[in-house]
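Each chain is listed here by its residues.
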Amino acid sequence: MKKQVAARLPTRWGTFDVLAYAEKSSDRLPHLAIVHPDFKPTGAPLVRVHSECLTGDLFASMRCDCGQQLRRSLESIYQARGVLLYLRQEGRGIGLINKLKAYNLQDEGLNTIDANHQLGFEADERTYEIASYILKDLGVKEIQLLTNNPEKVASLSKDGIRIVKRVPIKIKPHEINEDYLKTKKDLMGHFLD
């Protein structure tokens, strides 16, 4: 895994640098580091580790809070001159097709964890070693981590990234995603109000 290319990325929040990380330059789904142009790796920069959620990030699905978290994070990251890592591990690591199968099971009454189990997966198949690798490649040793997920805190810490502060992302629940967020809080231990 190495940085394959860097380019300028103008967004509605401001202009970032986008760096693509992959095994080889022909990889079609690289992991991305979205970096403020004035980013400094020292002084515990604000960092978001965001796993791909095509339905939420691109199509603004109301089943989850992923797209809202991504947009809120990009705004915060730009203001704080930090970095957002966009990891290609769709559907908590089970892929888009299986995620859509899980949606069907959720429509039949299962929660997101039980749906994954019914499909033969763990509740969450994601890993964060790649995030640690990219942060180290950027020269980062300690961060303020923008997350509600205790697993991200534990994994990055285990890999030698010092978390000096966990910064919550507060997204107001609504009727469609309320049960999903309750499952994340009650069964997965996410830090949610």
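Just so it is clear, the structure is predicted and the values come from calculations on it, not from any experiment. (Residues numbered from 1 in each chain as written. Predicted model: local features only at pLDDT ≥ 70, side-chain atom pairs only at ≥ 80, totals over all residues. Heavy atoms only, no water.)

S.K.: I'm lost on the pairing of strand S1 (residues 2-10) in this one. Help?
M.R.: Each regular strand displays side chains that alternate between the two surfaces of the sheet. Sheet topology note: the S1/strand S2 (residues 15-22) ladder contains eight bridges and is antiparallel. By the bridge assignment, Val5 is partnered in S2 with Ala20. Linking two consecutive strands that pair antiparallel, namely S1 and S2, is a turn of four residues; a positive phi of about 145° is found at Gly14 within it. (Pairing = 2+ DSSP bridges. Helix = DSSP H or I, 4+ residues; strand = E, 2+ residues; numbered from the N terminus.)

S.K.: Sorry, what's going on with the pattern of salt bridges here?
M.R.: Should their charged atoms come close, side chains of opposite charge can pair. Throughout the structure, instances matching the rule amount to eight salt bridges. For Arg88, the salt bridge identified is with Glu52, shortest N-O distance 3.2 Å. Separated by 36 residues along the polypeptide, Arg88 in the loop between strand S5 (83-87) and helix H3 (90-93) and Glu52 in the loop between strand S4 (46-51) and helix H1 (54-58) bring together distant segments of the chain. On the basis of relative accessibility, which here comes to 24%, the residue Arg88 falls in the partly exposed class. Residue Glu52 is classed as buried on the basis of its relative accessible area, which comes to 14%. Where Glu142 meets Arg162, a salt bridge forms, and the shortest distance between an N and an O atom there is 2.6 Å. Of the two residues, Glu142 is situated in strand S6 (residues 142-146) and Arg162 in strand S7 (residues 162-167); the sequence distance between them amounts to 20 residues. (Salt bridge = Lys/Arg side-chain N within 4 Å of Asp/Glu carboxyl O. Buried < 20%, exposed > 50% of the residue type's maximum accessible area, 1.4 Å probe, protein only.)

S.K.: I'm lost on unusual backbone geometry in this one. Help?
M.R.: Most peptide bonds are trans, and most residues other than glycine sit at a negative phi. Here the phi dihedral of Arg81 falls at roughly 60°; this positive angle occurs in a residue that is not glycine. Despite not being glycine, Arg92 has its phi angle at roughly 55°, a positive value. You can see Arg92 is positioned in helix H3. Judged by relative accessible area, which is 11%, Arg92 ranks as buried.

S.K.: Hey, could you run me through the packing of helix H6 (residues 129-137) against helix H7 (residues 150-158) in this one?
M.R.: Their axes nearest at 9 Å, the elements H6 and H7 cross at an angle of 55°. Between H6 and H7, the angle falls in the class oblique. Helix-helix and strand crossings are classified by hand; for H6 and H7 the assignment is right-handed. Contact residues: Glu129, Ala131, Ser132 and Leu135 in H6; Ser155, Leu156 and Lys158 in H7. (Axes fitted to C-alpha atoms, helices over the stretch in contact; angles between N-to-C directions. Parallel < 35°, antiparallel > 145°, perpendicular 65-115°, else oblique. Left-handed = near helix turned anticlockwise from the far one by under 90°. Contact = heavy atoms within 4.5 Å.)

S.K.: Explanation requested: the sheet that holds strand S3 (residues 31-35) in the structure shown.
M.R.: Two pairing modes exist for strands in a sheet, parallel and antiparallel, and in both the strands are linked by backbone hydrogen bonds. The sheet built from seven strands is open, its strands ordered S1-S2-S3-S5-S4-S6-S7 with mixed pairing. Edge positions in the sheet fall to S1 and S7, since each has one partner strand and no second. Taken over all neighbouring pairs, the strand axes of this sheet differ in orientation by 25° on average, direction set aside. Examined bridge by bridge, S3 and S5 share four bridges and lie antiparallel to one another. In the sheet register, Leu32 faces S5, and the bridge partner there is Tyr86. Contacts from helix H2 (residues 66-80) reach S2, S3, S4, S5 and S6 within the one sheet, and its direction differs from that of S4 by about 155°.

Remember, this is a structural readout, not a statement about activity or role.
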